[in-house]
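Descriptive structure summary
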Amino acid sequence: MFGIVRPCRHRLGEKLTAQWTAHLCGLCLALRGDHGQLARIVTNYDGLLISVLTEAQAAPGGSTGRRTAGPCPLRGMRTASVAHGEGARLAAAVSLVLASAKVRDHVADGDGLLARRPVALAARRVAAGWDRAGARTGSDVGFDTAVLVDAVDRQTGIESLAGPGTPILTVTEPTETATAAAFAHTAVLAGRPRNAAPLAEAGRLFGRLAHLLDAVEDREADAASGAWNPLTATGTSLDEARRLADDAVHGIRLALREAEFTDGGLAHRLLVHELPNSVRRAFGTPSCAHGSHPYAPPGAPGAPGGPTPPEPPRRDRRGLLAGCAVWLGLACTCQLCCGTYEDPWTRERKEGCLHNCDCDCCDCCECCNCCNCGGEDGCCSGCDCGCDC
């Protein structure tokens, strides 16, 4: 799971967490359905934004929808309603092509095992297969992935020519172009052509932000290994990178105001509320001092002095082997650390071990930065997202 938008369920709330999970599972199953089990490894948190934006714009009963998926170890062997349709398939196509580019980049850099020729050769074959698969699925939903492939090819040439004094935005341009095209096509799939321009702008700035944050997070590791880093190569300071990142976040917020959504709650939460958290996480700056739990009025269930919330009804225990299988699935995810999950055997609702923690390393439990809500530039200005701050 890679990506800069990594929301915590404490911030999303139950309703939006269910929607977000539906799109994540939908992307994973779209990859499996069209391209086989191996393709599922390119499932990523940023790719599902394509599915989220498509559904947010679509009219009820349109080309996007939900279906019931079978049990999965990552869901505690439970069935679930997952996103499916053209939005999930577009997300799969984009994820495949960009993952292919990421693999080729690691091969070129000789990272880890990819420095060995047989492994690098196998990785190149996988990447080429993903390119072809992404092109097929993209064609099925009317999206030409050539714009993504062209952006990837130009990226290599731009990086080879970049040096001290080269504007960092010259280096981020191919990524911006690719994400702009993907975001804009969600408007085509949803039948809202007027949204194409503002969503292209949001996508362009999202691509810039993703490139910048990736460079910031990899800066020290790249310096230690001697790998190429856009900030180091162009002499861009962290202060300048932070300024550009904050401007991109603000620009995305403004662009989304120009688009029309049928139900934009999740898209707004991810692209307006979560992106500032991504920036703070990358630059290592603290979030606001609000608690990480939604506000509960005095006397309400769960609030200090209020009644104890009722326990959920007891469910049947799982057997030894079934419980072990579920535990293995949970162990492969972050649910045991910072999620809410069912005990593999008793089915009792439990919180991850980092729940309620105050340590600096607990990125997933940062609170939503809503300190400036309500003002002209506040994160909730002009929206009805239920922010209580």
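Shown above is the structure to which this text applies.
Residues numbered from 1 in each chain as written. Predicted model: local features only at pLDDT ≥ 70, side-chain atom pairs only at ≥ 80, totals over all residues. Heavy atoms only, no water.

Further remarks concern the overall build of the protein. The helix and strand tally for the protein stands at twelve helices and four strands. The long-range fraction of contacts in the protein, counting pairs at least 24 apart against all pairs at least 6 apart in sequence, stands at 67%. Carbon and sulfur atoms provide 55% of the accessible area of the protein, an area that totals close to 19,100 Å². (Helix = DSSP H or I, 4+ residues; strand = E, 2+ residues; numbered from the N terminus. Contact = heavy atoms within 4.5 Å. Areas by Shrake-Rupley, 256 points an atom, 1.4 Å probe, with all protein chains shown as cover.)

With 16 residues, helix α5 (residues 146-161) ought to run about 22 Å at 1.5 Å a step, and its terminal C-alpha atoms sit 23 Å apart, in line with that. Within α5 the residues assigned to the buried category are Leu148, Ala151, Val152, Gln155 and Ile158. Angularly, the buried residues of α5 cover 130 degrees about the axis, an arc narrow enough to put them on a single face. Exposed residues on α5 whose side chains face more than 90 degrees from its buried face are Thr156, Ser160 and Leu161. Tucked inside the fold, the buried residues of α5 contact α3 (86-109), α6 (168-189) and α7 (196-225). (Expected span 1.5 Å × (residues − 1). Buried < 20%, exposed > 50% of the residue type's maximum accessible area, 1.4 Å probe, protein only. Arc of directions from axis to C-beta.)

Formed by 76 residues in total, the largest nonpolar core has its most connected members in Phe206, Leu209, Leu270, Leu271 and Leu275. In this view, Phe206 contacts Ile4, Val5, Asp46, Leu49, Phe183, Ile252, Leu271 and Leu275; residues no more than four positions away in its chain are not counted. Formed by five residues, the second largest nonpolar core is a distinct cluster that contains Cys25, Leu29, Ala69 and Ala80. (Core = buried A, V, L, I, M, F, W, Y, C linked by side-chain atoms within 4.5 Å.)

A few words on the environment of Ala184. Counting through the fold element by element, Ala184 comes out in helix α6. Sequence spacing of Ala184 and Ala202 is 18 residues, and the spatial spacing of their C-alpha atoms is 8.8 Å. Beyond its immediate chain neighbours, meaning those up to four positions away, Ala184 contacts Ala196, Leu199 and Ala200.

For the rest of this paragraph, the subject is the packing of helix α2 (residues 48-57) against helix α10 (residues 265-283). The interhelical angle for the contact between α2 and α10, taken along N-to-C directions, is 140 degrees, at an axis separation of 8 Å. It follows from the interaxial angle that α2 and α10 lie oblique. The two elements α2 and α10 cross, and the hand of that crossing is left-handed. Across the interface between the two elements, Leu48, Leu49, Val52, Leu53 and Ala56 of α2 pack against Leu266, Ala267, Leu270 and Leu271 of α10. Looking at the contact of α2 with α10 residue by residue, the classes come out as nine nonpolar, no polar and no charged. (Axes fitted to C-alpha atoms, helices over the stretch in contact; angles between N-to-C directions. Parallel < 35°, antiparallel > 145°, perpendicular 65-115°, else oblique. Left-handed = near helix turned anticlockwise from the far one by under 90°. Nonpolar A, V, L, I, M, F, W, Y, C, P; charged D, E, K, R; others polar.)

The tally for this structure, following the rule as stated, stands at two aromatic pairs. With a centroid separation of 5.4 Å and 45 degrees between ring planes, the pair formed by Trp20 and Tyr45 is classed as tilted. Taken together, the residues span a long stretch of sequence, with Trp20 in helix α1 (residues 9-35) and Tyr45 in the loop between α1 and α2 at a distance of 25 residues. Note that Arg242 overlies the ring of Phe283, its terminal NZ or CZ placed 5.3 Å from the centroid. (Phe/Tyr/Trp six-rings, centres within 6.5 Å; stacked < 30°, edge-to-face > 60°. Lys NZ or Arg CZ within 6 Å of the ring centre and 35° of its normal.)

The next point concerns the side chain of Ser51. Within the element layout of this structure, Ser51 appears in helix α2. A polar atom in the side chain of Ser51 sits 2.7 Å from the side chain of His23. When sequence neighbours within four positions are dropped, the list of residues in contact with Ser51 reads His23, Ala83, Gly87, Ala88 and Ala91. (Polar contact = N/O pair within 3.5 Å; in protein donor to acceptor, adjacent residues only side chain to side chain.)

Within the structure shown, the criterion is met by 14 salt bridges. The partner of Arg89 in a salt bridge is Asp34, with the nearest N and O atoms 2.9 Å apart. Placement of the pair is Arg89 in helix α3 and Asp34 in helix α1, with a sequence separation of 55 residues. In this structure Arg89 comes out as partly exposed when scored by relative accessible area, which is 24%. Judged by relative accessible area, Asp34 falls into the partly exposed class, the value being 33%. Glu55 is the salt-bridge partner of Arg66, the closest N and O atoms lying 2.9 Å from each other. With Arg66 in strand β1 (residues 64-72) and Glu55 in helix α2, the pair connects residues that are eleven residues apart, well separated along the chain. For Arg66, a relative accessible area of 33% corresponds to the partly exposed category. The exposure class assigned to Glu55 is partly exposed, which follows from its relative accessible area of 23%. One network of salt bridges, in which partners are shared, links Glu176, Glu201, Arg204 and Arg208. (Salt bridge = Lys/Arg side-chain N within 4 Å of Asp/Glu carboxyl O.)

Together, Leu38, Ile41 and Val126 line one region of the surface with nonpolar side chains, adding up to about 260 Å² of accessible area. With respect to the helices and strands, the residue Leu38 is situated in the loop between α1 and α2. (Patch = residues over 30% accessible without salt bridge, like charges linked within 9 Å, V, L, I, M, F, W, Y side chains within 5 Å.)

This brings us to the side chain of Thr236. Within the fold, Thr236 resides in the loop between α8 (230-234) and α9 (238-257). When its relative accessible area of 13% is taken as the criterion, Thr236 is described as buried. Among the polar contacts listed, one links the side chain of Thr236 to the side chain of Thr234, at a separation of 2.7 Å. Thr236 has contacts with Ile168, Leu231 and Ala241, leaving out every residue within four places of it along the chain.

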